[in-house]
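# Report on the structure
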Amino acid sequence: MTDSSRQLAEQLQERFGDTLLANIDSVGEVTIEVAGEDLLEVATALRDEAAFAYEILVDVCGIDYANHGKDEWATEETSSSGFSRGVAAATAGHLQAVTDDLVVEKPRTAKRFAAVYHLLSIANNRRLRIRVYAPDDGLPVVPSVIPVWNSANWYEREAFDLYGILFEGHPDLRRLLTDYGFIGHPFRKDFPLSGNVEVIYDADKKRVIYQPVSIEPRVLVPKVIRAGAVEAVDLTIAVAEEPADESAEEATE
């Protein structure tokens, strides 16, 4: 928290009041949260009003909060026998993707998907983040901000491609990074790390084909370096304690 960020947070609260669902000032950065139906109104005010003047949209990011705060690894408590290998899946990640029936409907999580808008004001030398949650994680939809910042076009396409977030009002919402015919959204937490299909060259058909992925699902174990396990040398002390060169000593004599 800094004086500048606190002042911005107070300005935002005074201007938008109850429209802000959250107004967070942390480590010198301000993040506000608004509902989807209020996004365009708030964004337009942030762009046009001189007190804010956020004329530049730097980026639009998608976020998948599925299993946020959960972990498959128990690395803080270790023993001579090692640590958790993550074999009991605690998240909707790669392990469950191996055994789950993909056609079975899974319970929905409240506020799973969000779009985050990163703004920059050149006039006031300030940055700001706006976070908007999609109300339905089964079909996540938030408004497009292209009418406010035209640069959002490809940013929103990227978030749609990787997270499956739909931007209502986008003029050309197509995939941007993945291949033609790609199934799924690879940055979602429940997307298998090894993917669903792989591309190979078939010598018999003499063309590139898709086939189910042949990589064996596995769990990578993170390496934990315990305190004191690695020898540390303070170079400033080592140099100070190093004996002087004999030739230098003879020269002084």
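See the structure printed just above.
None of these values were measured; they are calculated from a predicted model.

About the cut-offs
- Counting restarts for each chain: residues are numbered from 1 in the order of the written sequence.
- Note on the predicted model: pLDDT of at least 70 is required for a residue's local features to be given, and 80 or more for side-chain atom pairs to be given and counted; whole-chain, interface and lining totals, by contrast, use all residues.
- Side-chain metrics in this entry use all non-hydrogen atoms of the structure; hydrogen atoms and water are not considered.
- Criterion for a salt bridge: a side-chain nitrogen of Lys or Arg within 4 Å of a carboxyl oxygen of Asp or Glu.
- Put simply, DSSP marks the helices as runs of H or I at least four residues long and the strands as runs of E at least two long, and each gets a number from the N terminus on.
- Only protein chains enter the accessibility calculation, which uses a 1.4 Å probe; a residue is then buried when its area is under 20% of its type maximum, exposed when over 50%, and partly exposed in between.
- Classification of ring pairs uses Phe, Tyr and Trp, with its six-membered ring standing for Trp, and accepts pairs whose centres are within 6.5 Å; under 30 degrees between planes counts as stacked, over 60 as edge-to-face, and the remaining range as tilted.
- Axis definition: a line fitted to C-alpha atoms, limited for helices to the stretch in contact. Angles are taken between N-to-C directions and run from 0 to 180 degrees.
- In this scheme, roughly parallel covers angles under 35 degrees and roughly antiparallel covers those over 145, while 65 to 115 is roughly perpendicular and the rest are oblique.
- Take the far helix as the reference: if the near one is turned anticlockwise from it by less than a right angle, the crossing is left-handed, and if turned clockwise, right-handed.
- Contacts are assigned to residue pairs that have any heavy atoms within 4.5 Å of one another.
- Under the grouping applied here, Gly and all other residues not named as nonpolar or charged are polar, the nonpolar ones being Ala, Val, Leu, Ile, Met, Phe, Trp, Tyr, Cys and Pro and the charged ones Asp, Glu, Lys and Arg.
- Strand pairing is assigned whenever DSSP identifies at least 2 bridges connecting the two strands.

### Concerning the pattern of salt bridges
Opposite charge on two side chains allows them to pair when their charged atoms are near. Counted according to the given criterion, the structure contains 10 salt bridges. Note that arginine 15 is salt-bridged to glutamate 49, the shortest N-O span being 2.7 Å. Of this pair, arginine 15 sits in helix α1 (residues 3-16) while glutamate 49 is found in the loop between α2 (39-48) and β3 (56-64), placing the two residues 34 residues apart along the sequence. Since its relative accessible area comes to 39%, arginine 15 is described here as partly exposed. The class for glutamate 49 is partly exposed, based on a relative accessible area of 25%. Through salt bridges with shared partners, a single ionic network connects Glu33, Lys111 and Arg131.

### Structural notes on the packing of aromatic side chains
If you walk through the whole model with that rule in mind, you get 4 aromatic pairs. Ring geometry for tyrosine 163 against phenylalanine 187: centres 5.7 Å apart, planes inclined by 80°, an arrangement best described as edge-to-face. In this pair, tyrosine 163 sits in helix α4 (residues 152-163) while phenylalanine 187 sits in the loop between β7 (166-168) and β8 (197-202), placing the two residues 24 residues apart along the sequence. Ring geometry for phenylalanine 182 against phenylalanine 191: centres 6.0 Å apart, planes inclined by 25°, an arrangement best described as stacked.

### Examining the packing of α1 against α2
The geometry of a pair of packed helices is captured by two quantities: the angle between their axes and the separation between those axes. Orientation of α1 relative to α2, taken along the N-to-C sense of each, is 125°, at an axis distance of 12 Å. Looking at the two axes, α1 sits oblique to α2. Handedness of the α1/α2 crossing: right-handed. Where α1 approaches α2, its residues Leu12, Arg15 and Phe16 are matched on the opposing element by Val42, Ala45 and Leu46. Along the lines of polarity and charge, the residues of the contact of α1 with α2 split into 5 nonpolar, no polar and 1 charged.

### Notes on the pairing of strand β4 (residues 113-121)
Burial analysis of β4 places 8 of its 9 residues in the buried class, which makes it a mostly covered element. Two strands pair when backbone bridges link them, and β4 and strand β5 (residues 126-133) are joined in this way by 8 bridges, in the antiparallel orientation. Considered in β5, the bridge of tyrosine 117 is made with isoleucine 130. Following β4, the chain reverses through 4 residues before pairing antiparallel with β5; asparagine 125 in that reversal takes a positive phi of roughly 55°.

### Section: the sheet that holds strand β2 (residues 29-34)
Reading across from one edge, β1-β2-β5-β4-β3 is the order of the 5 strands in this open sheet, with mixed pairing throughout. At either end of the open sheet lies a strand with only one pairing partner, and these are β1 (20-26) and β3. With direction set aside, neighbouring strand axes in the sheet form an average angle of 20°. In this structure, β1 lies alongside β2, joined through 6 bridges in antiparallel fashion.

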